Structure formats: C-alpha cells, structure tokens
Amino acid sequence: MVSLEKKTPEERLNICRKYYLGGFAFLPLLWFINAIWFYKQAFKVEPYPEQTQIRKYVIRSAIGTFVWILIIVVWNIMFQVFRTKMGPAGDYLTFVVPPNKTRIRDAYKRLIILNHPDRGGSPYVAAKINEAKDYFESGAK
C-alpha cells in the first residue's frame, strides 16, 4: 500500500478524488477504501490547503458507502421476505444447489440420529425426516 505521507498534498488530493469518482462507477468498495485510507489525512494531521477538499471527499465517500450498504441490506431483506410471492421470477433469481444422493444421505443420518424415537426423539419428527429423505431421493440424481 502506498504511504500517503510520502505523497505531496496535490498527489493525495488527486488520489482521493479518483477513488471518490471511481465509487460512482458502481464500485462502492472504492468509497469505503477512500473513507478509511484518507481519514487520517482529512481529520488527524496538521492543516494544509488541500485538506478541506480531501475532507469533503472522505465524508462523501463514507456517506456513499453507508447508502450502498443500506440499499443492499434492504434489498436482501425484501427479497427474502417476498421471494415466494414473486413466483417464477423469484425462482429464477434464486440460486439453489441441487441435492445429490450423498448430501441427502449425510443430512438424513445427522437428523435421524438426533430425532430417532429409540433415542428419545419424536416418532412424528422421525417419520417426517424419512418422508423428506424419500421425497428428495426420488428427485436427486
């Protein structure tokens, strides 16, 4: 990583500006890096002429990062809540790893050991586990 202390104030401002503008190219990670990397230069060092502009870019980068995180979290929550109501579109947008016989068998063994009636488990739950295993094995390759 480049040491900002070795750069001239003009070079620091130029780098900070490039990271800030790069964030608008749907690269919000650059805003996050900009806010973290230039925080000390914007708020903790002795004042210099370019510092006010760097401070402006750092603050805007932090706000941009926060907005992107908020958008992604809200989208994820909305998608999880309403995916089933989206019908085929929700299914198309969802990535599901198809089960194979090995994964089904391993999951079955784990669950049946924990829920078998001989070990104090519920006969109803054990029956549902067996039913689920049969269902998934009939469609698995």
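Residues numbered from 1 in each chain as written. Predicted model: local features only at pLDDT ≥ 70, side-chain atom pairs only at ≥ 80, totals over all residues. Heavy atoms only, no water.

Engineer: I'd like a description of the packing of aromatic side chains, backed by residues and values.
Structural biologist: In this structure the tally under the stated criterion is eight aromatic pairs. Both rings, one in Trp-75 and one in Phe-79, keep their centres 5.4 Å apart while their planes meet at 15°; by these two values the pair is stacked. With a gap of four residues between them, Trp-75 and Phe-79 both fall in helix α4 (residues 51-82), about one helical turn apart. Classification of Trp-75 as exposed rests on a relative accessible area of 54%. The ring of Tyr-108 is capped by Lys-133, whose NZ or CZ atom sits 4.8 Å from the centre of that ring. (Phe/Tyr/Trp six-rings, centres within 6.5 Å; stacked < 30°, edge-to-face > 60°. Helix = DSSP H or I, 4+ residues; strand = E, 2+ residues; numbered from the N terminus. Buried < 20%, exposed > 50% of the residue type's maximum accessible area, 1.4 Å probe, protein only. Lys NZ or Arg CZ within 6 Å of the ring centre and 35° of its normal.)

Engineer: Tell me about the pattern of salt bridges, and please be specific about residues and values.
Structural biologist: For side chains bearing opposite charge, pairing can occur when the charged atoms are close. A full pass over the atoms with the stated rule returns four salt bridges. Glu-5 is the salt-bridge partner of Lys-40, the closest N and O atoms lying 3.9 Å from each other. Placement of the pair is Lys-40 in helix α3 (residues 39-43) and Glu-5 in the segment before α1 (9-23), with a sequence separation of 35 residues. Between Lys-133 and Asp-134 there is a salt bridge, with the nearest N and O atoms lying 3.9 Å from each other. Because the salt bridges share partners, they merge into one network encompassing Lys-133, Asp-134 and Glu-137. (Salt bridge = Lys/Arg side-chain N within 4 Å of Asp/Glu carboxyl O.)

Engineer: Give a description of the environment of Asn-34 that names residues and reports values.
Structural biologist: Position of Asn-34 relative to the elements: it lies in helix α2 (residues 28-37). Separated by 98 residues in sequence, Asn-34 and Ala-132 place their C-alpha atoms 50 Å apart. Beyond its immediate chain neighbours, meaning those up to four positions away, Asn-34 contacts Cys-16, Tyr-19, Tyr-20, Tyr-39, Tyr-57, Val-58 and Ser-61. A distance of 2.9 Å separates a polar atom in the side chain of Asn-34 from a polar atom in the side chain of Ser-61. (Contact = heavy atoms within 4.5 Å. Polar contact = N/O pair within 3.5 Å; in protein donor to acceptor, adjacent residues only side chain to side chain.)

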